[in-house]
Amino acid sequence: MHIHDTIAGLRGARGRSGRVALVPTMGNLHEGHIALMKQARETADTVIATIFVNRLQFRPGEDFEKYPRTFEDDCEKLATHVDHLFAPTEAEMYPQPQTYQIEPPPAQAGILDGEFRPGHFRGVATVVMKLFQIVQPDVALFGKKDYQQLMVIRNMVREFNVAVEIIGGETVRAADGLALSSRNGYLSAAERAEAPNLFRILTKVIEAVRAGSRELTMLEQRAMAELQARGWIPDYVALRKKLDLQLPSAHDSGLVVLAAARLGSTRLIDNLEV
Ligand code: PAF
């Protein structure tokens, strides 16, 4: 694995032949990331991972400063899976303030997580577009755990005619169901024991929908109430259309249940497709 911290270095080494896959990350890698690297290897000749904690997608007061930076460990985990790692400094990515930014439409980026983290998807879209320009991949992979992020990126790519195929990787879970996330490391032992209940509660919601329930609002409210009763502070539990995350009508069938909730000071997100 070759490690690059400059755009020029990465571009010089990238090569022009064969299919190139990009897996953007913010580091602190876990099995979910590694699954994406493996999936990338199956579809491309060259696999390029990036590690960059992108200040633009964090709001003031969020965890930008304390976001775990574990570069040495990450390199060890990546070594056998990728050909190149691009890990730029902030000065390399943003040598001057990023005055041009990608503003996803509020209907996609102002709902759900975007409602609770205003500007978050602007920061994500902007850095992902920059990474696409820098790496020029043929295909890019993103985890489905960040379901709304994946939708925003797919739509951005479509509307800007970006020649990158987008692949969503399945969420990887711990044996008890908790979706793997870099933020799980913030949980205390007691919170870690409680955390899989988010998955369990969402599973109950999709089982009810699969069994034919169309009382979607009631299912959302019941899940929120159960989380609250267990000591969580939920931002939302929402049943939406898979394709665009808009409110489903009575006969829509392709649904996904998404949730974000705080356990102590840690905000977890998860989703399950029906
Ligand atoms: O999902 C993430 O880790 C980040 O949002 C991404 C896509 C690497 C952009 O910073």
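Here, the structure is the one placed above.
**Focus on the overall build of the protein**
Phase 1: Of regular secondary structure, the protein possesses eleven helices and nine strands.
Phase 2: In terms of overall dimensions, the protein has a C-alpha envelope of 55 × 40 × 35 Å along the principal axes.

**What about the sheet that holds strand S5 (residues 139-143)?**
Phase 1: Taken in spatial order, the six strands make up an open sheet running S1-S4-S3-S2-S5-S6, and their pairing is parallel. In this open sheet, the two strands that pair with only one neighbour each are strand S1 (2-4) and strand S6 (165-169). Strand after strand, the sheet turns through a mean of 25° between neighbouring axes, direction not considered.
Phase 2: Sitting on the sheet, helix H3 (residues 71-78) touches S1, strand S3 (46-51) and strand S4 (84-86), and the angle it makes with S3 is about 165°.
Phase 3: Across the sheet, helix H7 (residues 120-135) lies against strand S2 (20-25), S3, S4, S5 and S6, angled at about 145° from S2, the strand it touches most.

**Here we look at the pairing of strand S8 (residues 255-263)**
Consecutive residues of a regular strand have side chains that alternate between opposite faces of the sheet.
Phase 1: With eight of nine residues buried, S8 is to be regarded as a mostly interior element.
Phase 2: The pairing of strand S7 (residues 233-241) with S8 spans eight bridges and is antiparallel. Residue arginine 240 lies in a different strand from S8, and its bridge partner there is valine 256.
Phase 3: The sheet contact formed by S8 and strand S9 (residues 266-273) spans eight bridges and is antiparallel. Bridge assignment links leucine 263 to a residue of S9, and that residue is threonine 266.
Phase 4: Connecting S8 to the next strand, S9, in antiparallel fashion are two residues, including glycine 264 with a positive phi near 60°.

**Thoughts on the sheet that holds S8**
Phase 1: An order of S7-S8-S9 is seen for the three strands of this open sheet, with the pairing classed as antiparallel. With partners counted over all chains shown, the strands left at the sheet margins are S7 and S9, one partner each. With direction set aside, neighbouring strand axes in the sheet form an average angle of 10°.
Phase 2: Contacting S7 and S8, helix H11 (residues 216-229) runs over the sheet at an angle of about 155° to S7.

**Looking at the site of the ligand**
Phase 1: Taken together, the residues surrounding the ligand are Pro24, Thr25, Met26, Asn54, Gln57, Val127, Phe142, Asp146 and Gln149.
Phase 2: In this structure, an oxygen atom belonging to the ligand sits 2.7 Å away from a side-chain N or O atom of glutamine 57.
Phase 3: The protein chains hide 89% of the 290 Å² of surface that the ligand would expose on its own.
Phase 4: Residues of the shell around the ligand, tallied by class, amount to four nonpolar, four polar and one charged.

**Points about the side chain of threonine 126**
Phase 1: The topology assignment puts threonine 126 in helix H7.
Phase 2: Within the structure, the side chain of threonine 126 is placed 3.0 Å from the backbone nitrogen of isoleucine 102, a separation counted as a polar contact.

**Comments concerning a nonpolar patch on the surface**
Phase 1: A cluster of nonpolar side chains, contributed by Met1, Ile3 and Phe71, occupies part of the molecular surface with about 250 Å² of accessible area.
Phase 2: Phenylalanine 71 gets classed as partly exposed once you look at its relative accessible area, which sits at 34%.

**Things to note about the pattern of salt bridges**
Phase 1: All told, the structure shown has 16 salt bridges when counted by the stated rule.
Phase 2: A salt bridge links arginine 41 to aspartate 83; the shortest N-O distance between them is 3.1 Å. Of this pair, arginine 41 sits in helix H2 (residues 31-43) while aspartate 83 sits in the loop between H3 and S4; the two residues are 42 residues apart in sequence, bridging distant segments of the chain.
Phase 3: Residue arginine 41 is classed as partly exposed on the basis of its relative accessible area, which comes to 32%.
Phase 4: Because the salt bridges share partners, they merge into one network encompassing Asp113, Asp235 and Arg267.

Cut-off values and rules
- Residues numbered from 1 in each chain as written.
- Predicted model: local features only at pLDDT ≥ 70, side-chain atom pairs only at ≥ 80, totals over all residues.
- Heavy atoms only, no water.
- Helix = DSSP H or I, 4+ residues; strand = E, 2+ residues; numbered from the N terminus.
- Pairing = 2+ DSSP bridges.
- Axes fitted to C-alpha atoms, helices over the stretch in contact; angles between N-to-C directions.
- Contact = heavy atoms within 4.5 Å.
- Buried < 20%, exposed > 50% of the residue type's maximum accessible area, 1.4 Å probe, protein only.
- Near = heavy atom within 4 Å.
- Polar contact = N/O pair within 3.5 Å; in protein donor to acceptor, adjacent residues only side chain to side chain.
- Areas by Shrake-Rupley, 256 points an atom, 1.4 Å probe, with all protein chains shown as cover.
- Nonpolar A, V, L, I, M, F, W, Y, C, P; charged D, E, K, R; others polar.
- Patch = residues over 30% accessible without salt bridge, like charges linked within 9 Å, V, L, I, M, F, W, Y side chains within 5 Å.
- Salt bridge = Lys/Arg side-chain N within 4 Å of Asp/Glu carboxyl O.

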